[in-house]
Amino acid sequence: MIKTFPLSSRAKTTALKQPKELFCYSRDINGAYEYDTDKAVTQLSHYYFPDAEIDKGVDLGAGYKDFKKIPEAENLGDFESLLKSILQHEKKTGEKVSADIVTFRGLMTKLLALPYNLKDPINLYAAVFDGQIFIKNDDELELKRRQSQPSDPTKKDYMDRCEYSGYKFEAVTTLPKPWAECSRSEIEKRNIRVVNNYEQFISVVRTGIGKVKLLLAGEVDCLWDYRPQDGKKDPLPHYVELKTSRVIETPGNIVTFERKLFKTWAQSFLIGIRKIVYGFRDDNLILRCVEMYSTEEIPILLKKNQVTEPSKKIVCMNALKWYGAVVEWLTEVIPTNENGAYRISYDPGSRSFSVAELIGDEKSKAQAMITSEFKDWRKELSEKEKEVNDEKEE
């Protein structure tokens, strides 16, 4: 079975369910995961970067040779850790999470941004289990894409340094604790600490669009002020997304930045992050300025830009209508009453978006995303729910 979905499809309404954090987990410097909330939040840093720091000409390439980088094969989005976090949450609440689709925020960002990003392919696996659709990357294809290198070694080295500059920006603009709790050394020596991309804080939110319920996991860069401790207030409004980009000097730079800003809006919007901080660097990776954007303002900024030709303007509402349509379509063409496996793909050559049912080894490969531990837990949870219902009937 192969079913295609026209790229011209748009939902009539874009009623978005306000994202709300259900739980969180983290990964430490050694690559180990923590699922206890109180311990997980210790990986969540705090934004602190006074304007005076910009005048110092911070070098976002400094320390590149000491970069503690996680191997690409280990950084594809650990689906097992997501399932473990769900399992821990369900054990705590005694209830199965309510969702039609369970996945990472980054994969839904690809779908949302597709109308304005038609050159990049999409290859995802979808496995149906316990009435829900679980979606992850085809890790083999994704790894090949990441490991593909430019023919020019110099270009490859510069691209790697630009990638590093983003992590360096996070390191020099954040503190491990609130400012008042940090020592002078922690504040002043941020620029010389070793940078790594192992440490992560992941927020898991409940959201949705139209009639489709979504459970999305997405990395959070830092806190703007504080994280509510009472468990009643949603921490999402306090999170910040950190990004870097080249300084804007020409009309061409504006168009390039618009596309980056659109993708940043998409990933922030999907899980309810309301603040975005951009560090602008020059070609020598020296930080030149820092700007803060409100996520809700970005669609207006893109719409009002006078540089881009009207026919090439990015309209966030247009992308959102596509997203609503394609997500609803996925829940319609992927049956959840049996444990099937599917490939969700977009081919830039033919500009076709499709879902294909898998068989044989590929089906097994896709279904392997659902771990035995998670299957056993859901079976146990189902039996408990049945016992409770039986007792109520008696």
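Just above, that's the structure.
Below or above, wherever it landed, is the structure these notes cover. As the structure is a prediction and not an experimental result, all values here were calculated from the model. Sequence order as written defines residue numbering, which begins from 1 separately in each chain. The model is predicted, so local features are restricted to residues of pLDDT at least 70 and side-chain atom pairs to those at 80 or more, both for listing and for counting; the totals for chains, interfaces and linings are taken over all residues. The basis for the side-chain values is all heavy atoms of the structure; hydrogens and waters are excluded.

A word on the overall build of the protein chain. Regarding its fold elements, the protein chain presents eleven helices and 16 strands. Burial classes: relative accessible area under 20% of the type maximum marks a residue as buried, over 50% as exposed, and values in between as partly exposed (1.4 Å probe, protein chains only). Out of the 394 residues in the protein chain, the part that is buried amounts to 47%. Excluding contacts between residues fewer than 6 apart, the proportion of contacts in the protein chain whose partners are at least 24 apart in sequence is 73%. Exposure was quantified through the Shrake-Rupley algorithm and a 1.4 Å probe, taking into account, for residues, occlusion by the shown protein chains and nothing else. Total accessible area on the protein chain stands at roughly 20,200 Å², and carbon and sulfur atoms take up 48% of it. In this charge count, Lys and Arg are treated as positive and Asp and Glu as negative; neither His nor the chain ends contribute. By convention, the charge on Lys lies at NZ, on Arg at CZ, on Asp at CG and on Glu at CD. For the protein chain, the centre of its 61 positive side-chain charges and the centre of its 63 negative side-chain charges are spaced 4 Å apart. What counts as a helix is a DSSP run of H or I of at least four residues, what counts as a strand is a run of E of at least two, and both are numbered from the N terminus. The criterion used for residue contact is that any of the two residues' heavy atoms lie within 4.5 Å.

What follows is about the packing of aromatic side chains. Only the six-membered ring of Trp is used, alongside the rings of Phe and Tyr, when aromatic pairs are assigned; centres must lie within 6.5 Å, and planes under 30 degrees apart are stacked while those over 60 apart are edge-to-face, with the rest tilted. Within this structure, the stated rule accounts for 25 aromatic pairs. Pairing Trp 322 with Phe 353 gives two aromatic rings, centres 5.8 Å apart and planes at 90°, and the pair type is edge-to-face. Here Trp 322, found in helix H9 (residues 316–333), pairs with Phe 353, found in strand E16 (residues 352–357); they are 31 residues apart in sequence, far enough to count as distant. Trp 322 sits in the buried class, given a relative accessible area of 1%. Using a relative accessible area of 0% as the deciding quantity, one classes Phe 353 as buried. Connected via pairs of aromatic rings, a cluster forms that spans Phe 79, Phe 104, Phe 129, Phe 134 and Phe 374. Remark: a charge is flagged as sitting over a ring if the NZ atom of Lys or the CZ atom of Arg is within 6 Å of the ring centre and within 35 degrees of the ring normal. The ring of Tyr 198 has Lys 68 lying over it, and the distance from NZ or CZ to the ring centre is 4.9 Å.

Another point: the packing of helix H3 (residues 105–113) against H9. Every angle, taken between N-to-C directions, lies between 0 and 180 degrees, and every axis is a line fitted to C-alpha atoms, over only the stretch in contact when it is a helix. It is the contact of H3 with H9, at a shortest axis distance of 8 Å, that shows an interaxial angle of 120°. Between H3 and H9, the crossing angle belongs to the class labelled oblique. Of H9, the residues touching H3 (which contributes Met 108, Leu 111 and Leu 112) are Ala 319, Leu 320, Trp 322, Tyr 323, Val 327 and Leu 330. Its residues assigned to classes, the contact of H3 with H9 comprises nine nonpolar, no polar and no charged. Roughly parallel refers to an angle under 35 degrees, roughly antiparallel to one over 145, roughly perpendicular to one between 65 and 115, and oblique to any angle outside these ranges. Only Asp, Glu, Lys and Arg are considered charged, only Ala, Val, Leu, Ile, Met, Phe, Trp, Tyr, Cys and Pro nonpolar, and every remaining residue, Gly among them, polar.

The next point concerns unusual backbone geometry. For Asp 130, which is not a glycine, the phi torsion comes out positive at approximately 55°. Relative to the helices and strands, Asp 130 resides in the loop between strand E6 (122–129) and strand E7 (132–137). Backbone geometry places Arg 351, a non-glycine residue, at a positive phi of 50°. Examined against the element boundaries, Arg 351 turns out to sit in the loop between strand E15 (341–347) and E16.

As a further point, take the pairing of E16. On any regular strand, side chains alternate: one points to one face of the sheet, the next to the other face. Each pair of strands is called paired provided DSSP finds at least two bridges between the two strands. Summarising the sheet, strand E1 (residues 2–5) and E16 pair through four bridges and their orientation is antiparallel. Across the sheet, residue Ile 2 finds its bridge partner in E16, namely Ala 356. Relative to E16, E15 runs antiparallel, the two being bridged by six bridges. Residue pairing for E16: Arg 343 is matched across the bridge by Ala 356. Two successive antiparallel strands, E15 and E16, enclose a turn made up of four residues, where Arg 351 displays a positive phi of approximately 50°.

Looking now at the sheet that holds E16. Judged by pairing direction, the sheet is mixed, and its ten strands sit side by side in the order E1-E16-E15-E6-E7-E5-E10-E9-E2-E3 without closing on themselves. Both outer strands of the open sheet, E1 and strand E3 (33–34), are each paired with one neighbouring strand and no more. By the bridge criterion, six bridges tie E6 to E7 in an arrangement that is antiparallel. Its bridge partner being in E7, Phe 129 is matched across the sheet by Gln 132. Sheet contacts for helix H7 (residues 251–271): strand E2 (16–27), strand E9 (200–209) and strand E10 (212–220); angle to E2, the most-contacted strand, approximately 90°.

Another aspect to go through is the pairing of strand E5 (residues 101–104). Burial of the side chains of E5 extends over both faces: Ile 101 and Thr 103 are buried on one face and Val 102 and Phe 104 on the other. Of the strand pairs in this sheet, E5 and E7 are connected by two bridges, and their pairing is parallel. Looking at E7, one finds that Val 102 is bridged to Phe 134.

What follows concerns the state of the cysteines. When two cysteine sulfur atoms are found within 2.5 Å, that pair is recorded as a disulfide. The tally for this structure, following the rule as stated, stands at zero disulfides. Cysteine Cys 222 shares no disulfide, and the gap to the nearest cysteine sulfur, in Cys 182, comes to 13 Å.

A cluster of basic residues, Lys 119, Arg 259, Lys 263, Lys 312 and Arg 351, forms a positive patch on the protein surface. With respect to the helices and strands, the residue Arg 259 is situated in helix H7. When its relative accessible area of 38% is taken as the criterion, Arg 259 is described as partly exposed. Each patch is assembled from residues with relative accessible area greater than 30% and no salt bridge, linking like charges that lie within 9 Å and nonpolar side chains (Val, Leu, Ile, Met, Phe, Trp, Tyr) that lie within 5 Å. What makes a salt bridge here is a side-chain nitrogen of Lys or Arg within 4 Å of a carboxyl oxygen of Asp or Glu, nothing more.

Let us now look at the environment of Ser 8. Tracing the backbone through its elements, the reader meets Ser 8 in the loop between E1 and E2. Along the sequence, Ser 8 and Trp 322 sit 314 residues apart, while their C-alpha atoms lie 7.8 Å from each other.

Fair warning: the whole summary comes from geometry, so function is off the table for now.
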